[in-house]
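Okay, here's what each chain looks like letter by letter:
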Amino acid sequence: MQEVSSYHEELINRISPIVENLFKGNNLYEIKLNKLEMSQMLVELFGQFSREEMREIQDDDLIDRIDSILILEAVSGTLNDLTPEQIKMYDEAVKRK
């Protein structure tokens, strides 16, 4: 059990500062997402990798992966905020492409 909790701590220590920095530079994240919830979700998600796999992921790559996940989370929530008229306009615009 000690091994699991130390790996969990390692993930938190690696992921939390990345999330903190990405939130600082992005108003959309600050408005649409809960920083603590996102950090917890990402720790759980990346916890599916082995310790060795996580150590092989370079920091720049990890930042890009986390940023992509945060973008998806922020944008998916944005669609829920649209009125029925805005959704119809969005659907029509997508059909034209």
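Residues numbered from 1 in each chain as written. Predicted model: local features only at pLDDT ≥ 70, side-chain atom pairs only at ≥ 80, totals over all residues. Heavy atoms only, no water.

Asker: Would you mind going over the overall build of the protein with me for this structure?
Answerer: The number of helices and strands found in the protein is 6 helices and 0 strands. Element order for the protein, N to C, with α for helix and β for strand: α-α-α-α-α-α. What you see for the protein is a C-alpha radius of gyration of 17 Å, clearly larger than the 13 Å of a compact globule of 97 residues, by over 25%. Within the protein, residue pairs in contact and separated by at least 24 positions form 72% of the contacts whose partners lie at least 6 positions apart. For the protein, the accessible area works out to roughly 7100 Å², and carbon and sulfur atoms hold 53% of it. For the protein, the distance from the average position of its 11 positive side-chain charges to the average position of its 20 negative side-chain charges is 7 Å. (Helix = DSSP H or I, 4+ residues; strand = E, 2+ residues; numbered from the N terminus. Rg over C-alpha atoms; globule rule 2.2 N^0.38 Å. Contact = heavy atoms within 4.5 Å. Areas by Shrake-Rupley, 256 points an atom, 1.4 Å probe, with all protein chains shown as cover. Lys, Arg positive; Asp, Glu negative; His and termini not counted. Charge placed at Lys NZ, Arg CZ, Asp CG, Glu CD.)

Asker: What should I look at first to understand the environment of Lys35 in this one?
Answerer: By secondary structure assignment, the location of Lys35 is in helix 3 (residues 35-46). Sequence separation between Lys35 and Glu20 is 15 residues, and the spatial gap between their C-alpha atoms is 7.5 Å. Lys35 has contacts with Val19, Glu20 and Phe23, leaving out every residue within four places of it along the chain. A polar atom in the side chain of Lys35 sits 3.2 Å from the side chain of Glu20. (Polar contact = N/O pair within 3.5 Å; in protein donor to acceptor, adjacent residues only side chain to side chain.)

Asker: It is not clear to me how the packing of aromatic side chains should be interpreted in this structure. Could you clarify?
Answerer: The geometry of two aromatic rings is summed up by the distance between their centres and the angle between their planes. Within this structure, the stated rule accounts for 2 aromatic pairs. Ring geometry for Phe23 against Tyr29: centres 5.8 Å apart, planes inclined by 50 degrees, an arrangement best described as tilted. Across this residue pair, the class does not change: Phe23 and Tyr29 are buried. Between Phe46 and Phe49, the ring centres sit 5.9 Å apart and the planes meet at 20 degrees, which makes this aromatic pair stacked. By relative accessible area, Phe46 is classed as buried at 3%. (Phe/Tyr/Trp six-rings, centres within 6.5 Å; stacked < 30°, edge-to-face > 60°. Buried < 20%, exposed > 50% of the residue type's maximum accessible area, 1.4 Å probe, protein only.)

Asker: Mind showing me how you'd approach a nonpolar patch on the surface here?
Answerer: A surface patch of nonpolar side chains, about 220 Å² in accessible area, is lined by Leu28, Ile71 and Val75. Mapped onto the fold, Val75 is located in helix 5 (residues 59-80). The class of Val75 is partly exposed, set by a relative accessible area of 40%. (Patch = residues over 30% accessible without salt bridge, like charges linked within 9 Å, V, L, I, M, F, W, Y side chains within 5 Å. Salt bridge = Lys/Arg side-chain N within 4 Å of Asp/Glu carboxyl O.)

Asker: Looking at this model, I keep getting lost on the pattern of salt bridges. Mind explaining?
Answerer: Pairs can form between side chains of opposite charge whenever their charged atoms are close. Throughout the structure, instances matching the rule amount to 5 salt bridges. What emerges from the salt-bridge pattern is a single network uniting Glu10, Arg51 and Arg55.

Asker: Got a minute to help me understand the environment of Asn13 in this structure?
Answerer: With respect to the helices, strands and loops of the structure, Asn13 is situated in helix 1 (residues 2-24). By relative accessible area, which is 53% here, Asn13 ends up exposed.

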